[in-house]
Amino acid sequence: MESQSQHLLHLMQVRMPFGKHKGRFIVDLPETYLVWFESQGFPEGQIGQYLREVYEIKLNGLEYLFHGIRRAL
């Protein structure tokens, strides 16, 4: 099973595969874009799960988790 820090590291490497922000790391997506997805419905599959996770992290003010990992890289 993947540890939380490994999962966050993996999450930080996922790029948006479509749309206005195609190619951008999903952890760097604007919060307004994630809120839009939340109101419209997240896509099916893995990318939808990743977007939902990043939305929840940002919603709860936990973005510092990403910053700490970036500094360690």
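Here we summarise the structure given alongside this text. Computed from a prediction, not measured in an experiment: that's the story for all the values here. (Residues numbered from 1 in each chain as written. Predicted model: local features only at pLDDT ≥ 70, side-chain atom pairs only at ≥ 80, totals over all residues. Heavy atoms only, no water.)

The helix and strand tally for the protein chain stands at 4 helices and 0 strands. Along its sequence from the N terminus, the protein chain presents helices and strands in the succession α-α-α-α. Whereas a compact globule of 73 residues would reach a radius of gyration of roughly 11 Å, the protein chain reaches 12 Å, a difference of no more than 12%. In terms of principal-axis extent, the alpha carbons of the protein chain reach across some 35 × 25 × 20 Å. Counting every atom, the protein chain has about 4900 Å² of accessible surface; 53% of that belongs to carbon and sulfur. (Helix = DSSP H or I, 4+ residues; strand = E, 2+ residues; numbered from the N terminus. Rg over C-alpha atoms; globule rule 2.2 N^0.38 Å. Areas by Shrake-Rupley, 256 points an atom, 1.4 Å probe, with all protein chains shown as cover.)

For histidine 21, the position within the fold is in the loop between α1 (4-12) and α2 (31-40). Its relative accessible area of 13% is what places histidine 21 among the buried residues. Non-local contacts of histidine 21, meaning those with residues more than four positions away in its chain, are made with Met16, Leu29, Pro30 and Tyr33. (Buried < 20%, exposed > 50% of the residue type's maximum accessible area, 1.4 Å probe, protein only. Contact = heavy atoms within 4.5 Å.)

As a further point, take α2. The periodicity of an α-helix, 3.6 residues per turn, causes residues three or four places apart in sequence to face the same way. Inspection of α2 places Tyr33, Leu34 and Phe37 among the buried residues, and these make up the whole buried set. Along the axis of α2, the buried positions cluster into a sector of 100°, meaning they face one direction only. Looking at α2, the residues exposed on the side facing more than 90 degrees away from the buried face are Thr32 and Ser39. Trailing α2 by a residue or two, glycine 41 shows a phi angle of about 110°, which is positive. (Arc of directions from axis to C-beta.)

Quick look at the environment of proline 17 now. Inspection of the secondary structure assignment puts proline 17 in the loop between α1 and α2. Exposure remark for proline 17: the relative accessible area of 42% places this residue in the partly exposed category. The spacing of proline 17 and isoleucine 47 is 30 residues in sequence and 8.3 Å in space, taken between C-alpha atoms. Excluding anything up to four places from it in sequence, proline 17 contacts Lys22 and Ile47.

Now for the environment of serine 39. Tracing the backbone through its elements, the reader meets serine 39 in helix α2. Of note is the side chain of serine 39, whose polar atom sits 2.8 Å from the backbone oxygen of tryptophan 36. (Polar contact = N/O pair within 3.5 Å; in protein donor to acceptor, adjacent residues only side chain to side chain.)

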